[in-house]
Amino acid sequence: MSHYRHRISEGGKKYIVIILDIVLGALLIGMLYTENNQEKAQEENLRELAQKQREKENEIEKSISMLSQTMSDYMPGIVCWGDSLTAGAGSNGNPYPLVLDNLIQESITKEFNRINSQVLTRAQRLTNIPVINMGVGGENTVTICGRNGSIPFVVSEDMTIPAECQAIQIHIKSSIGIGASPLRQGAAGMDYVIIGGIKGKIEIMQESYTSPEYSYVFTREKPGGSVHIKAGTEIITSGSENYLNYIPIIFIGTNGGYSDYQDLIAQQRGIINHQKGNPKGRFIVVGLHYGKSAEEFEMMEAILKEEYGNQFINLREYLCTNAMKDAGLTPTEKDKKAMANGQTPYSLLSDEVHFNEAGYKVLGELIYKQMEQLGYFSEIKESIEQTISIMK
């Protein structure tokens, strides 16, 4: 009997071992299965996350593409035509176009560019609205219009462009028969010229920009066949070909060049109309502040206001009223007297004509505010806000 019990006991142990092996094997298989499933789930999650990231980036790319199209349609850039008051004489390196550029970046594009650079991994396309300074000191309206191409420069005497790239004398005048004097203080809009199909560069020969004697030479860019150029041939400037879809800001007239106010308007309109791709007919005309009596200014400003409406900025009136406050300056007695007489306060001037840094700053801010009030930035702001909402 005891022997039988012993055999049962031994047999039970074997069964227990077998059962334990089976259980442990099942547990191990289960663990391996679970681990495998977890790895598959993790891989699937990673694939889903990567897919979502690609979809988000594609959505952002599409939104940025739409934003670029909106910019092209409504705000491809801004081009500022003018003389030394646009170039920025006395500005300490901060002319009003630069002030305007900084305001646009700070108020419109800065936040988009910050988020854009952080979010996109496959493309880093930053958005900006270029502001081009086409100011050259000392120029009258006819010369400015020549650089712009609305009243083109022409060759005033027959000439032959040689086959070689050598400088030859060239005589220039305006297409309306008036003498023109480009390049005396700068080359904006004349980086290159095209004469009779030949691309090259016009340079001025002068001791200084105040010298009474000066002349011009033309040098072709590449050698080729010699070409005879007849008097009256148009000189196509770089300024007349580029920026044609940019919004123009026109601040001309301080140095004369027009016969009366209607002639000034005709020249301003010429620049506006020359911007053939200008979206929605957008532009700004800035009034003058120097060189006339208060009565003459008032007459001129009334005519320009009637012509251009809210696209005209009465600069002199602003300078005599709110500019000092906007600049954060307290008027001196001399300033108060000037303002009472309809003149620019001295605290905003570097000389009797040109502004100082504070003066150019309030001018840039004034132009920005006027453009904003006219809705020139509305489409861009809305498109940027929509893109940012997708990025976040």
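Structure's up top.
Overview of the structure. (Residues numbered from 1 in each chain as written. Predicted model: local features only at pLDDT ≥ 70, side-chain atom pairs only at ≥ 80, totals over all residues. Heavy atoms only, no water.)

A separate point is the nonpolar core. The biggest cluster of nonpolar side chains holds 68 residues, and the ones touching the most others in it are Met-75, Ile-78, Leu-100, Ile-104, Ile-249, Ile-367 and Met-371. Sort the elements by how many residues they give to this core and helix α11 (residues 357-373) lands first, with 7 residues. If we ignore the near neighbours within four places in the chain, the residues touching Leu-100 are Ile-78, Val-131, Ile-249, Gly-364, Ile-367, Tyr-368 and Met-371. Within the second largest apolar cluster, 19 residues are counted, among which are Ile-170, Ile-198, Ile-202 and Tyr-216. (Core = buried A, V, L, I, M, F, W, Y, C linked by side-chain atoms within 4.5 Å. Buried < 20%, exposed > 50% of the residue type's maximum accessible area, 1.4 Å probe, protein only. Helix = DSSP H or I, 4+ residues; strand = E, 2+ residues; numbered from the N terminus. Contact = heavy atoms within 4.5 Å.)

Here we come to unusual backbone geometry. Positive phi outside glycine occurs at Asn-92, with the angle close to 60°. Its location among the elements puts Asn-92 in the loop between α2 (84-87) and α3 (96-119). Using a relative accessible area of 63% as the deciding quantity, one classes Asn-92 as exposed. A positive phi angle is found at Tyr-243, which is not glycine, with a value near 65°. Along the chain, Tyr-243 falls in the loop between α5 (238-241) and β12 (247-251).

The terminal C-alpha atoms of helix α7 (residues 294-308), which comprises 15 residues, lie 21 Å apart, in line with the 21 Å expected from a rise of 1.5 Å per residue. What α7 keeps buried is the set Phe-297, Met-300, Glu-301, Leu-304 and Tyr-308. Down the axis, α7 shows its buried residues gathered within 100° of arc, on one side only. Opposite its buried face, α7 presents the exposed residues Glu-295, Met-299 and Glu-306, each directed more than 90 degrees away. On its buried face, α7 sits against α6 (261-274), β13 (284-286), β14 (312-313) and α8 (315-319). After α7 finishes, the residue Gly-309 shows a positive phi value of roughly 60°. (Expected span 1.5 Å × (residues − 1). Arc of directions from axis to C-beta.)

What follows is about the pattern of salt bridges. In a structure, side chains of opposite charge can pair up when their charged atoms sit close to one another. This model, assessed by the stated rule, comprises 7 salt bridges. We note a salt bridge from Lys-381 to Glu-372, for which the minimum N-O separation is 2.4 Å. For Lys-381, a relative accessible area of 26% gives the class partly exposed. Glu-372 gets classed as partly exposed once you look at its relative accessible area, which sits at 34%. (Salt bridge = Lys/Arg side-chain N within 4 Å of Asp/Glu carboxyl O.)

Another point: a negative patch on the surface. Where like charges cluster on the molecular surface, the negative patch consists of Glu-295, Glu-296, Glu-298 and Glu-317. Per-element accounting of the negative patch gives the leading share, 3 residues, to α7. A residue is classified by how much of its surface remains accessible, and Glu-295, at 57% relative accessible area, is exposed. (Patch = residues over 30% accessible without salt bridge, like charges linked within 9 Å, V, L, I, M, F, W, Y side chains within 5 Å. Areas by Shrake-Rupley, 256 points an atom, 1.4 Å probe, with all protein chains shown as cover. Lys, Arg positive; Asp, Glu negative; His and termini not counted. Charge placed at Lys NZ, Arg CZ, Asp CG, Glu CD.)

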